[in-house]
Amino acid sequence: MKRTMENQKLIDIRNLVKRFPIGDGSFTALRGITLAFAEGEFAGLVGPSGSGKTTLLNIIGSLDTPSEGSVTVLGREVTHLSHREAAALRNHHIGFIFQTYNLLPVFTVYDNVEFPLLLQKGGAAGRKKAVMKALEWVGLADKAQSRPAQLSGGECQRVSIARAMVKRPQLVLADEPSANLDADNSHHILRTMKRLNRELGTTFIFATHDEKVMHYLDRIIGLEDGRVARDERIENTTEDDHPPASGEIGGSELPGEEDFARP
Amino acid sequence: MIRFLLKGILHDRHRSLMPLIVITIGVALTVLGHAWIQGVMGEAYTMSAHFATGHLKVMTRAYADEQGQMPVDLALTGSSGLTERLAAEMPEIDWAPRIRFGGLIDFPDSAGETRAQGPVAGYAIDLLSPATREPGRFNLPEALLSGRMPRDAREALLTHDFAEKFAVQPGDPFTFFGSTMEGSLAFYNFTVAGTVRFGSEVLDHGAFIIDLTAGQQALAMQDAAGEILGFFRSGYFDARAAQRLTDRFNSSQPAGTDEFAPVMITMRDQEGMAQLMDYTNAIGSIMVLLFVVAMSVVLWNTGLIGGLRRHGEFGVRLALGEEKGHIYRSLIGEALLIGLIGSVTGTLLGLGLAWYLQVVGLDIGDAMKASSMMVPAVVRTQISATDFWIGFIPGLLSMTLGNALSGVRIYRRDTAQLFKELEA
């Protein structure tokens, strides 16, 4: 059963300020951000380097805490979460996709994708099914036993997407996911993510300044000097608007709810 | 998760191979070093005990004060009765009366005139009794290089180097000149039965061994002995038991100033043995401690470098929802596993090398030619029960401690900081 988009607030950010200590003083990275994200959004934080995109993404992902203000993610105020609670939130509900993929190099593709499920302590049979399904989504089922060093950059990023999606998170945070990829591979992974967003209802939030990513976004939030400079919704951008690139990836039918038990 | 961690250890050589090599080498050296010290000192102690000190020694008070001079005039009289009494009171000890003495040997030519003379140290021990264990203590059957063992009181063994120096063969006669117990001139004819080499330069330089009865006759010491040596029947010196027996014996002797009254001392109380034993034990402990400290420092650094190298991995694992505490615990678990494998491998390697040196030995005779210490020419390691844990436990602990300390740095770091390092 495919999930439908709902306009419920998944993330609620109010008057968020983030300061980093520098010497005797501090540097303010975010200055009074107020934003909300609904379930199923495909949104991007865009802006130049130093505008606060990654910092905001880290706070949403409960990897960092606000200096002031409140950030509620999936009904949990991240400011008050303990290490354990923050880890549980990330493990069960949030997926991460990194610019440099950050796959664990000594493990196989299968092991990398399986890792988030190992932390959930599920059964081996269920894990195997989930991992293979996730690899099928990104068209890498045949590379399950390969090591990251044996894959191209595009393939590594697709493994990273499979790893983020294998636990069926409600939210995926992607920090410059296309920065290290050429145009073809960038389109491949963006089309994959767009499809996952549309068919599974997973919320995606990007931090990017890549024009190619922006073409896929439903919502663009411009950040400048730690403030929201613009927040606009784009109605007509879908994966169908973009030409299929050579060597189409994935193609596997996306799994239904019965394939994964969300914790 | 355990399978995941094991895969990481097996596939990431930087994580496992370097620490494994360090631990294996460190543990092996610790085991070998300990076995070496035990072997060398153990053989030196054994040799000293067998040839000179015994585990216990009974002599007159006056002899005890000057025993370095081998003063036969201060010997124990009525030694056979005293030996029987000691054997009855202390059955766990094997008692052996001996006479150590010095003198001159005269080798005659075919006409019976003096051909050559040389100074010797003499040992009169029980060579001829059927149940005697003295030849074994002097390792005579193995040390015999030419000729045979003495069959009567007129036959003697000469050290081989001494015999060679004076061109003496088995069967040749010689005359011993010395001083009797009463202080008059002693001279006594012997025949060379065989020549021996003990492997100790001090002894091989010039010594001869005769039966106790021959010594008593030659030195006019009927029913007398310079000293009565006692040996634990187990073969091993037990300092506490020796002290207990000594206290008991000495307290049973009449108080007073009779300088010919018997007195018992332990091996530790003789010729600076206590200091030597304490010194070598301390040196042994220091050597092991140095190995352990050096190993811990290296492993700590290895852990730190490994930890720094793995910041990226830790960042990913945090992002994927693993708790910091779990990462830290897994780090310790990995360290324990690697430490265990390295310690087992190192202990086996160390024991293997120690066993080889125990069997084959190492010839240091040339290096010890000028030494006056009673040290065997071929030194060997001695494997003891301690060797099974002396490297193992420090190996395991240093690896775990090294990783625990380096891991604290990771544990205390902000999640966001680790994550930034991941992105850097």
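The structure displayed is predicted, hence computed values, not measured ones. (Residues numbered from 1 in each chain as written. Chains lettered and ligands numbered in written order. Predicted model: local features only at pLDDT ≥ 70, side-chain atom pairs only at ≥ 80, totals over all residues. Heavy atoms only, no water.)

K.L.:
In this structure, what is going on with the overall build of chain B? I would like to understand it.
P.N.:
Secondary structure summary: chain B contains 15 helices and 14 strands in total. Buried residues in chain B amount to 52% of all 424 residues. Of the contacts formed within chain B by residues at least 6 apart in sequence, a portion of 76% connects residues at least 24 apart. When the accessible surface of chain B is split by element, carbon and sulfur atoms take 61% of a total near 19300 Å². (Helix = DSSP H or I, 4+ residues; strand = E, 2+ residues; numbered from the N terminus. Buried < 20%, exposed > 50% of the residue type's maximum accessible area, 1.4 Å probe, protein only. Contact = heavy atoms within 4.5 Å. Areas by Shrake-Rupley, 256 points an atom, 1.4 Å probe, with all protein chains shown as cover.)

K.L.:
Looking at this model, I keep getting lost on the overall build of chain A. Mind explaining?
P.N.:
Across its full length, chain A carries seven helices and 10 strands. A burial count over chain A gives 59% of its 263 residues as buried. Restricting the contact set of chain A to residue pairs at least 6 apart, pairs at least 24 apart contribute 74%. Roughly 10600 Å² of accessible area belongs to chain A as shown, and the carbon and sulfur atoms make up 48% of that amount.

K.L.:
How should the interface of chain B and chain A be read in this particular structure?
P.N.:
Often the size quoted for an interface is simply the accessible area lost on bringing the parts together. Between chain B and chain A, the residue contacts involve 24 residues of the former and 26 residues of the latter. Surface buried jointly by chain B and chain A totals about 2500 Å² across both partners, of which 63% is contributed by carbon and sulfur atoms. The interface formed by chain B and chain A includes one residue pair in polar contact (both at pLDDT 80 or more). Broken down by secondary-structure element, the contributors of at least two residues to the side of chain B that touches chain A are α1 (2-11), α12 (311-319) and α15 (415-423) of chain B. (Buried area = accessible area lost by both parts, 1.4 Å probe. Polar contact = N/O pair within 3.5 Å; in protein donor to acceptor, adjacent residues only side chain to side chain.)

K.L.:
Is there a simple way to explain the environment of G33(B) in this structure?
P.N.:
By the element assignment, G33(B) lies in helix α2 (residues 13-53). Between the C-alpha atoms of G33(B) and G284(B), which are 251 residues apart in sequence, the distance is 8.1 Å.

K.L.:
Explain the pattern of salt bridges to me, please; I cannot follow it from the model alone.
P.N.:
Working definition: two side chains of opposite charge can pair if their charged atoms are close together. As enumerated under the stated definition, the model contains 28 salt bridges over all chains in all. Residue K212(A) pairs with D210(A) through a salt bridge whose shortest N-O separation is 3.4 Å. Linked by salt bridges that have partners in common, D94(B), R98(B), E134(B), R137(B) and R233(B) make up one network. (Salt bridge = Lys/Arg side-chain N within 4 Å of Asp/Glu carboxyl O.)

K.L.:
Teacher, can you tell me more about helix α4 (residues 124-137) of chain A here?
P.N.:
Along an α-helix, residues three or four apart share an orientation, since each turn contains 3.6 residues. All names here are of chain A. A rise of 1.5 Å per residue sets the reference length of α4, with its 14 residues, at 20 Å; its end C-alpha atoms lie 20 Å apart and thus fit the reference within 8%. Every buried residue belonging to α4 is among R127, A130, V131, A134, L135 and W137, and all of these are buried. All buried residues of α4 lie within an arc of 150° about the axis, which places them on one face of the element. The exposed residues of α4 that point more than 90 degrees off its buried face are A125, K128 and K129. (Expected span 1.5 Å × (residues − 1). Arc of directions from axis to C-beta.)

K.L.:
Explain the packing of aromatic side chains here, please?
P.N.:
Each aromatic ring pair is specified by the distance between its two centres and by the angle formed by the two planes. One pass over the full model with this rule turns up 20 aromatic pairs over all chains. With a centroid separation of 5.0 Å and an interplanar angle of 80°, the aromatic rings of F51(B) and F198(B) are classed as edge-to-face. Of the two residues, F51(B) sits in helix α2 while F198(B) sits in the loop between β8 (185-196) and α8 (201-204), which places them 147 residues apart along the sequence. Overall, the relative accessible area of 4% leaves F51(B) in the buried class. Joined through ring pairs, the aromatic side chains of F101(B), F107(B), F162(B), F166(B), F174(B), F176(B), Y188(B), F190(B) and F208(B) make up one cluster. One cation-aromatic arrangement involves R219(A) over F37(A); the distance from NZ or CZ to the ring centre is 4.8 Å. Note that R154(B) overlies the ring of Y188(B), its terminal NZ or CZ placed 4.1 Å from the centroid. (Phe/Tyr/Trp six-rings, centres within 6.5 Å; stacked < 30°, edge-to-face > 60°. Lys NZ or Arg CZ within 6 Å of the ring centre and 35° of its normal.)

K.L.:
Looking at this structure, how should I read the sheet that holds strand β5 (residues 76-77) of chain A?
P.N.:
Note: strands within a sheet are paired through backbone hydrogen bonds, in either parallel or antiparallel orientation. Residue and element names in this part refer to chain A. Spatial strand order, β2-β1-β4-β5: four strands in an open sheet with antiparallel pairing. A strand with exactly one partner marks an edge of an open sheet, and here the two such strands are β2 (25-38) and β5. Across the face of the sheet, helix α1 (residues 53-60) comes into contact with β1 (9-22), β2 and β4 (68-73) while running at roughly 120° to β1. (Pairing = 2+ DSSP bridges. Axes fitted to C-alpha atoms, helices over the stretch in contact; angles between N-to-C directions.)

K.L.:
Can you walk me through the packing of helix α3 (residues 109-120) of chain A against α4(A) in this structure?
P.N.:
Any two packed helices are characterised by how steeply their axes cross, that is the angle between the axes, and by the distance between the axes. All names here are of chain A. For the pair α3 and α4, the least separation of the axes is 9 Å and the interaxial angle reads 125°. With respect to each other, α3 and α4 are oriented oblique. In this structure, the crossing between α3 and α4 has a hand that is right-handed. For the pair formed by α3 and α4, the contact residues are V109, Y110, V113, E114, L117 and L118 on the first element and R127, K128, A130, V131, M132, A134 and L135 on the second. Residue classes in the contact of α3 with α4 are distributed as 10 nonpolar, no polar and three charged. (Parallel < 35°, antiparallel > 145°, perpendicular 65-115°, else oblique. Left-handed = near helix turned anticlockwise from the far one by under 90°. Nonpolar A, V, L, I, M, F, W, Y, C, P; charged D, E, K, R; others polar.)

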